[in-house]
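A structural walkthrough
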Amino acid sequence: MISIQSFFGSFIQTLKDIFSDSGVILMLIIAPVIYGFFYPWPYSSEVVDHVPVGIIDYDNSDLSRTIVRYATATPQLDTERFINEQAAKEAIWSNEIAGYMIIPSGLEQRVLSGKQAKVSVLANGSYFILNQRVQMGFLQSVSTVSAGIKIEKSVAQGAYKPIAEKSSQALPLQIIPLYNQTEGYGSYVVPAVSIIILQQTLMMATAMLVGTWYEQKRDRTSVRGWLGRIAALSSISFVIGCFFYGWVFEIQDYPRGQNMMGSLLFLLLFCPTVATLGCVFGLWFRQRERSMQILIFSSLPMLFISGYPWPANQLPQALQILRWLVPTTPGINTSVQLNQMGASLSQVATGFYALAGLLIFYFILLLLFRWRTAQKATY
């Protein structure tokens, strides 16, 4: 009976401490909600359209004007004519355009004579998304004109037009994205970064609160007391995680809910793991403000070593080992696979095992710090 009261007493007291501390409320509740509203906003358009580009037409023929007309009609590009390539280069250097196409002189004559013809497309490789849209926009316009020429030649040789149209594409291609239907950057990056947001806000808020307890000499408690504290912090973070899964992804129309029960089980394990790590940092730093100063800079490194935006096997060997000490390494991929891809629990079992192992490891560290603090207090 005493142990039950100790657990629930610590649980209730921790909730009281959270809601009486404006800094912890700001970090634990308000900050992730604000992130949920505003972080997806820059990616709201998902796919980049109307990219400013230039066209240099040295041919000035019916064929070149047709290519220009098709390029102008595509929603991916906003075209502008330039008299020469040097003017287009200067426009790229001044960020007025993202790329340009050169239609060489004699293009129509080479096509009519059956010779190989080509146009040149140059784009600013510093911005890979814009570079892709420039290349694809010009490719589609030129390919459409090229297919039309091929059909006209086949008809002129006596082919039936519908058959010529079908034969213009030897292998019909239909691309159906499986897990990112819009093929947008937001639906790729936001679900992963949401786990980073959830981790960092919970970890910093927990370390701040434990630092306050240490300064007030209220940090020492029983093992059951620490479990109650972790449970209280985790329960609030669990609700925030449900806010991301159930509201942010819904309103942004990201892929979601493929295995909602698995996603909730993931949160039930992920939140206590992060809260326990936050308690360890709180006892380590011992000062309320120190946790914010140190942990706030760890967000980007944790994302890049997680293996989500950058292949893990391309990392240095030391980082390939150290990255498994961070909850987001198994957390990001497990969350995305469950919620976006509909993976089963057996398919993401490795992620669950890794989080469970980290939870045990962090709790052992917490007990060691608790023992060390108690030893120092006796001397």
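These remarks concern the structure in this document. In this text the structure is predicted, and so the values were computed from the model without any measurement.

The next subject is the overall build of the protein. Along the backbone of the protein there are 15 helices and 4 strands. Burial analysis of the protein (379 residues in total) assigns 42% to the buried set. Here the protein displays about 20,500 Å² of accessible surface, and carbon together with sulfur accounts for 62% of that area.

With that settled, the discussion passes to the pattern of salt bridges. Using the criterion set out here, one finds 6 salt bridges in the structure. Notably, a salt bridge pairs Arg-288 with Asp-21, separated by 2.6 Å at the nearest N-O pair. One end of the pair, Arg-288, is in helix 11 (residues 288-295); the other, Asp-21, is in the loop between helix 1 (2-19) and helix 2 (22-38), and 267 residues separate them in sequence. The burial state of Arg-288 is the same as that of Asp-21; both residues are buried.

Let's shift gears to a nonpolar patch on the surface. A cluster of nonpolar residues, Leu-26, Ile-30, Ile-34, Phe-37, Phe-38, Trp-247 and Ile-251, forms a patch on the protein surface that exposes about 690 Å² of accessible area. Elements with a minimum of two residues in the nonpolar patch: helix 2 and helix 9 (223-251). With 5 residues, the top contributor of residues to the nonpolar patch is helix 2. Among the structural elements, Trp-247 can be located in helix 9. Judged by its relative accessible area of 34%, Trp-247 is partly exposed.

Now for the pairing of strand 1 (residues 51-57). Judged by how many residues are buried, strand 1 sits mostly within the fold: 6 of 7 residues are covered. Here 5 bridges tie strand 1 to strand 2 (residues 77-81), and the two strands are oriented parallel to one another. Residue pairing for strand 2: Pro-52 is matched across the bridge by Asp-78. For the crossover that starts at strand 1, traverses helix 3 (residues 62-73) and ends in the parallel strand 2, the hand is right-handed.

Along the chain, the position of Met-292 falls in helix 11. Look at Met-292 and you get partly exposed, because its relative accessible area is 26%. Sequence separation between Met-292 and Gln-200 is 92 residues; the distance between their C-alpha atoms is 9.7 Å. For Met-292, the residues in contact, after removing those within four places along its chain, are Met-27, Met-204 and Met-208.

All right, on to the nonpolar core then. Ranked by size, the top nonpolar core spans 61 residues in total, and within it Leu-28, Trp-226, Phe-266 and Leu-366 carry the most contacts. When residues of this core are traced back to their parent elements, those giving at least two are helix 2, helix 8 (186-215), helix 9, helix 10 (260-285), helix 12 (299-304), helix 14 (328-339) and helix 15 (349-378). With 16 residues, the top contributor of residues to this core is helix 8. Ignoring sequence-local partners within four residues, the contact set of Phe-266 consists of Ile-195, Tyr-245, Gly-331, Thr-334, Ser-335, Leu-338, Phe-352 and Leu-355. The next biggest cluster of nonpolar side chains, apart from the first, holds 16 residues, and it includes Ile-55, Leu-63, Leu-77 and Leu-107.

Topologically, Asn-124 is positioned in the loop between strand 4 (120-123) and helix 6 (128-156). Among all residues touching Asn-124, those that are not within four sequence positions of it are Ile-92, Asn-95, Ala-98 and Asn-131.

Listed in full, the buried residues belonging to helix 11 are Arg-288, Ser-291 and Leu-295. Seen along its axis, helix 11 keeps its buried residues to an arc of 70°; they face one direction. Of the surrounding secondary structure, the elements contacted by the buried residues of helix 11 are helix 2, helix 8, helix 10 and helix 12.

Right, let's talk about the sheet that holds strand 2 for a bit. What the 4 strands build is an open sheet, ordered 2-1-3-4; its pairing is mixed. Because the sheet does not close on itself, it has two edges, and the strands there are strand 2 and strand 4. Averaged over neighbouring strand pairs, the angle between their axes works out to 25° when direction is ignored. Relative to strand 4, strand 3 (residues 99-103) runs antiparallel, the two being bridged by 4 bridges. Residue pairing for strand 4: Tyr-100 is matched across the bridge by Leu-122.

All told, the structure shown has 13 aromatic pairs when counted by the stated rule. Ring centres 5.1 Å apart and planes at 15° place the aromatic pair Tyr-188 and Tyr-308 in the stacked group. You can see Tyr-188 sitting in helix 8 and its partner Tyr-308 sitting in the loop between helix 12 and helix 13 (317-322), a full 120 residues away along the chain. Consider the rings of Phe-243 and Phe-244, whose centres lie 5.5 Å apart with planes at 70°: the pair is edge-to-face. For Phe-244, a relative accessible area of 4% puts it in the buried group.

Below, the discussion takes up the side chain of Thr-206. Checked against the element boundaries, Thr-206 lands in helix 8. Apart from residues lying up to four places away in sequence, Thr-206 is in contact with Leu-233, Ala-275, Gly-278 and Cys-279.

A complete count under the given rule lists 0 disulfides for this structure. In this model Cys-242 remains outside any disulfide bridge; the closest cysteine sulfur is found in Cys-271, 8.2 Å from its own. The class of Cys-242 is partly exposed, set by a relative accessible area of 28%.

Reading guide: rules and limits
Residues numbered from 1 in each chain as written. Predicted model: local features only at pLDDT ≥ 70, side-chain atom pairs only at ≥ 80, totals over all residues. Heavy atoms only, no water. Helix = DSSP H or I, 4+ residues; strand = E, 2+ residues; numbered from the N terminus. Buried < 20%, exposed > 50% of the residue type's maximum accessible area, 1.4 Å probe, protein only. Areas by Shrake-Rupley, 256 points an atom, 1.4 Å probe, with all protein chains shown as cover. Salt bridge = Lys/Arg side-chain N within 4 Å of Asp/Glu carboxyl O. Patch = residues over 30% accessible without salt bridge, like charges linked within 9 Å, V, L, I, M, F, W, Y side chains within 5 Å. Pairing = 2+ DSSP bridges. Right-handed = clockwise from strand over helix to strand, strands pointing away. Contact = heavy atoms within 4.5 Å. Core = buried A, V, L, I, M, F, W, Y, C linked by side-chain atoms within 4.5 Å. Arc of directions from axis to C-beta. Axes fitted to C-alpha atoms, helices over the stretch in contact; angles between N-to-C directions. Phe/Tyr/Trp six-rings, centres within 6.5 Å; stacked < 30°, edge-to-face > 60°. Disulfide = S-S within 2.5 Å.

This is a description of form; function is not addressed.
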